[in-house]
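Spelled out, the chains give:
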Amino acid sequence: MLNNNRNDTANVGSGSEQRHMLHPLYIIYIIFQIIQSFLPLIILLIIRDTKWLKLSPLTIAIGAVLVVFALAMSYMEWKRFGYWLQEDRIIIRKGIFFRDEKTIYYSRIHSVNVQQKLIHRLLGLAQVAIETPGGGKKGDGSLPALSLRAANDISAMLRSRKQSMQKKQELEAGHVNERSDDELLMNEAPERRYVEHQDVNVPVVEMDTYAEETKEKQSVSGTDFSSNIVSSAHSDDASVKLTPVQLMQAAASSLNFGLALAFIAGIYSFANNVIELMLPAESVDEVLESSGAGVFRYGVIVITTIILLLLVAVWLLSIALYVLKYSGFTINKQAGQLYISYGLLEKKTFLINPKKVQAVIMKESLLRQPFGFCELQLQIVSTDKQEQLTLHPYIHRSKVALMLKQFVPQLSMPAGESLLKAPRRALINYIRVPLIFTLAVNIGMIAVFKWYGAWSLLLLPIVYIWRLACHKSAGLLLEEGQLTFRWRVINRVTCSIRRPQIMAMKTIGTAGQRRKKLISLSANAMGSSFAYHVKCMDEQHVQPIWRWYSRSNPAQH
């Protein structure tokens, strides 16, 4: 770890016209990024052919010129990068040949995140990412290389000025008392909200009583999060840290094959060249010819063994990647703000206002659901509309209510038994198309592989059980201004969202489904490209929800 004590942002909170620069190690950071982008190519060239390492004087000279040019351009980029922290905005200017200037008003900032990639951690730096609701994929503004202390100072300053500007605008607008009940629930001060909505929030009690309640909450032990909650003297503050045991349990039960397969796909071309170098195709052909019919005789066993070994390898890889991603997971709530940080090699820190949370999502994987564990996520307004922020990666279902009361009190997660289930007559709509498709695959497999293809018939009961589980998982509930969806693809997912955060809602149903009085319902939240949906619910359960959302019948409110 390289250390540099130079103060790259002196007096960040003062002087609206003072120009600030990035840390000087930003020059080295750019060089590292260049090397990182070419690293796979360099390794591939070394493995495939080492003759190119015997460099001629001309090649060395060209390489030296390129290095000097890269250093010069990196220095110029660092020199031209500046930012100004003014009274009501931050201005970022950069660019060598083309000037790029961004102005971000503090009142428009949605979140300010401090991140440390591996290169940052090696150099002792951090990146500040500033996001607004209308930002691009990489955010509206980024300060890519600051000292960690300066990054934290700027993050705190931006947060403070954002809150001040928002309060000032609310006072000037004079519309505080004209908001609807749902908006009051989302935007009022925490103290008042706790008093008026004690049924969904932490009750307001005397300090001595609260201390006793906090002690009782902390007495719960085991592998769930409750044993790690630390509450301060202020009833609104709390802290949770994922223990090493919880981290390993979460990693082993995550079944994050997608993450592992993405990693494998990334190194596929590299591994393919290595295999060709170490084991030419001619050698493989010789082995196949010498083994003759024996290969096909034991083909099923060999293929099955390879598949099982591959699944084990992918599972172990997913565990390793999960540990690297969520190591050191900590969430703190201080002064009404959530601080979430995690990561071993690439450390990420998120700062969000819980009032701005759009929805809370509970995911129960196939391995976790039988033991009552799940993952809690938050849907937030982010530049990455595919992103859902993890509130807790591994928590027992019975402790979800306490977790939400501590950190996101305006939302709750109802018990599964209270949800309205999909009717029995909807089962055929869940299983019909998948079974027909599976049967077509069976016919094709048998036609091509004869009786060996009959093994594919085992897919029929598997598909039926899967779709039956999807039908049993489907549910809806409208309660106290909150709409809850539950559905299953592979994992069971439950999502709760309040009406002000629903950007669009639609009902879908074919003619046949409507004759059976079945309707599918979906809703979109702000800042998300995903639709929360449930398929083929009873029409009499969906209609009150539609009227509640469209406000077409006030008597139903």
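Our subject is the structure listed above.
Keep in mind that this is a model prediction, so the values were computed, not measured. (Residues numbered from 1 in each chain as written. Predicted model: local features only at pLDDT ≥ 70, side-chain atom pairs only at ≥ 80, totals over all residues. Heavy atoms only, no water.)

### Points about the overall build of the protein
Item 1. The number of helices and strands found in the protein is 17 helices and 21 strands.
Item 2. In the protein, which comprises 557 residues, the share counted as buried stands at 41%.
Item 3. The long-range fraction of contacts in the protein, counting pairs at least 24 apart against all pairs at least 6 apart in sequence, stands at 58%.
Item 4. A total accessible area of about 30300 Å² is found for the protein, and carbon and sulfur atoms account for 63% of it. (Helix = DSSP H or I, 4+ residues; strand = E, 2+ residues; numbered from the N terminus. Buried < 20%, exposed > 50% of the residue type's maximum accessible area, 1.4 Å probe, protein only. Contact = heavy atoms within 4.5 Å. Areas by Shrake-Rupley, 256 points an atom, 1.4 Å probe, with all protein chains shown as cover.)

### Some details on a positive patch on the surface
Item 1. On the surface, Arg19, Lys79, Arg80 and Arg99 cluster together into a positively charged patch.
Item 2. Here Arg99 lies in the loop between strand S3 (89-94) and strand S4 (100-105).
Item 3. Assessed through its relative accessible area of 49%, Arg99 is described here as partly exposed. (Patch = residues over 30% accessible without salt bridge, like charges linked within 9 Å, V, L, I, M, F, W, Y side chains within 5 Å. Salt bridge = Lys/Arg side-chain N within 4 Å of Asp/Glu carboxyl O. Lys, Arg positive; Asp, Glu negative; His and termini not counted. Charge placed at Lys NZ, Arg CZ, Asp CG, Glu CD.)

### Describing the pattern of salt bridges
Item 1. Applying the stated criterion to the full structure yields 4 salt bridges.
Item 2. Its salt-bridge partner being Asp88, residue Arg89 comes within 3.0 Å of it at the nearest N-O pair.
Item 3. Taking relative accessible area as the criterion, Asp88 reaches 22% and is therefore assigned partly exposed.
Item 4. One salt bridge connects Asp538 with Arg425, and the closest N-O pair in it is separated by 3.1 Å.

### Re helix H2 (residues 57-80)
Item 1. Between its terminal C-alpha atoms H2 stretches 34 Å, which fits the 34 Å expected from 24 residues at 1.5 Å a residue.
Item 2. Along H2, the residues classified as buried are Ala70, Ser74 and Trp78. (Expected span 1.5 Å × (residues − 1).)

### A word on helix H15 (residues 459-473)
Item 1. In a regular helix each residue adds 1.5 Å, so 15 residues correspond to 21 Å; H15 covers 21 Å between its end C-alpha atoms and thus fits that length.
Item 2. For H15, every residue scored as buried is listed here: Val463, Arg467, Cys470, His471 and Ser473.
Item 3. Looking at the buried residues of H15, the elements they touch are helix H14 (427-449), strand S16 (475-479), strand S17 (482-488), strand S18 (492-498) and strand S21 (531-538).

### Digging into the sheet that holds strand S13 (residues 373-379)
Item 1. Strand order in the open sheet formed by 7 strands is S14-S13-S12-S18-S17-S16-S15, and the pairing between neighbours is antiparallel. Strand pairing shows two members of the sheet lacking a second neighbour, strand S14 (389-396) and strand S15 (420-421), which therefore form its edges.
Item 2. In this sheet, S17 lies alongside S16 in antiparallel orientation, the contact comprising 5 bridges. Note on S17: the bridge partner recorded for Leu477 is Thr484. (Pairing = 2+ DSSP bridges.)

### What about the environment of Gln337?
Item 1. Within the secondary structure, Gln337 sits in strand S10 (residues 337-342).
Item 2. Exposure remark for Gln337: the relative accessible area of 8% places this residue in the buried category.
Item 3. Non-local contacts of Gln337, meaning those with residues more than four positions away in its chain, are made with Arg159, Gln163, Asn332, Leu351, Ile352, Asn353 and Pro354.

### Things to note about the nonpolar core
Item 1. Judged by nonpolar contacts, the single largest core of 36 residues is most densely connected at Leu376, Leu378, Leu391 and Phe407.
Item 2. With residues near it in sequence (within four places) discarded, Leu378 still touches Leu338, Ile352, Val357, Ala359, Val360, Gln388, Leu389, Leu391 and Val408.
Item 3. Tyr29, Trp78, Ile104 and Leu143 belong to the second largest nonpolar core, which has 33 residues in total. (Core = buried A, V, L, I, M, F, W, Y, C linked by side-chain atoms within 4.5 Å.)

### Some thoughts on the packing of H14 against H15
Item 1. Contact pair H14 / H15: the axes reach a minimum separation of 9 Å and the direction vectors enclose 160 degrees. As the angle between them shows, H14 and H15 are arranged roughly antiparallel. Note on packing geometry: the crossing formed by H14 with H15 is right-handed. Side by side, H14 and H15 meet where Leu427, Tyr430, Ile431, Pro434, Leu435, Thr438, Leu439 and Asn442 of the first sit next to Leu459, Leu460, Val463, Tyr464, Arg467, Leu468, Cys470 and His471 of the second.
Item 2. For the contact of H14 with H15, the class distribution of residues is 12 nonpolar, 3 polar and 1 charged. (Axes fitted to C-alpha atoms, helices over the stretch in contact; angles between N-to-C directions. Parallel < 35°, antiparallel > 145°, perpendicular 65-115°, else oblique. Left-handed = near helix turned anticlockwise from the far one by under 90°. Nonpolar A, V, L, I, M, F, W, Y, C, P; charged D, E, K, R; others polar.)

### Quick look at the sheet that holds S4
Item 1. The 4 strands are arranged S1-S2-S3-S4 in an open sheet whose pairing can be described as antiparallel. Two strands in the sheet have a free side with no partner beyond their single neighbour: strand S1 (19-20) and S4.
Item 2. Where strand S2 (residues 82-85) meets S3, 4 bridges bridge the pair, whose relative direction is antiparallel. The residue of S3 that forms the bridge with Gly82 is Arg93.

### What to know about the packing of aromatic side chains
Item 1. Following the criterion strictly, the structure yields 12 aromatic pairs and no others.
Item 2. Site record: aromatic cluster; members linked through ring pairs are Tyr322, Tyr326, Phe329, Tyr342 and Phe350.
Item 3. Sitting over the face of the ring of Trp84, Arg93 holds its NZ or CZ atom 4.6 Å from the ring centroid.
Item 4. Sitting over the ring of Trp466, Arg467 keeps its end group 4.9 Å from the ring centre. (Phe/Tyr/Trp six-rings, centres within 6.5 Å; stacked < 30°, edge-to-face > 60°. Lys NZ or Arg CZ within 6 Å of the ring centre and 35° of its normal.)

### Structural notes on the pairing of strand S7 (residues 141-147)
Item 1. Summarising burial for S7: 6 of the 7 residues are buried, a large majority.
Item 2. In this sheet, S7 lies alongside strand S6 (residues 125-131) in antiparallel orientation, the contact comprising 5 bridges. Bridging across to S7, Ala129 finds its partner in Ser142.

### Some details on a nonpolar patch on the surface
Item 1. Together, Phe437, Val441, Met445, Val448, Phe449, Trp451, Tyr452, Trp455, Leu458, Leu459 and Ile462 give the surface a local cluster of nonpolar side chains, amounting to about 1200 Å² of exposed area.
Item 2. Those elements that place two or more of their residues in the nonpolar patch are H14 and H15.
Item 3. Of the residues forming the nonpolar patch, the biggest block, 5 residues, is contributed by H14.
Item 4. Tracing the backbone shows Val441 in helix H14.
Item 5. You can call Val441 partly exposed: its relative accessible area is 31%.

### Concerning the environment of Gly82
Item 1. Within the secondary structure layout, Gly82 lies in strand S2.
Item 2. A relative accessible area of 0% means that Gly82 is categorised as buried.
Item 3. Here the alpha-carbon distance between Gly82 and His20, two residues 62 residues apart in the chain, equals 5.5 Å.
Item 4. Apart from the residues lying within four places of it in its own chain, the contact partners of Gly82 are Arg19, His20, Ile91, Ile92 and Arg93.

### Examining the environment of Met445
Item 1. Relative to the assigned elements, Met445 resides in helix H14.
Item 2. By relative accessible area, which is 33% here, Met445 ends up partly exposed.
Item 3. Counting along the chain gives 11 residues from Met445 to Ser456, while the straight-line C-alpha distance between them is 7.0 Å.
Item 4. Not counting residues within four places of it along the chain, the set of residues in contact with Met445 comprises Lys450, Gly453 and Ser456.

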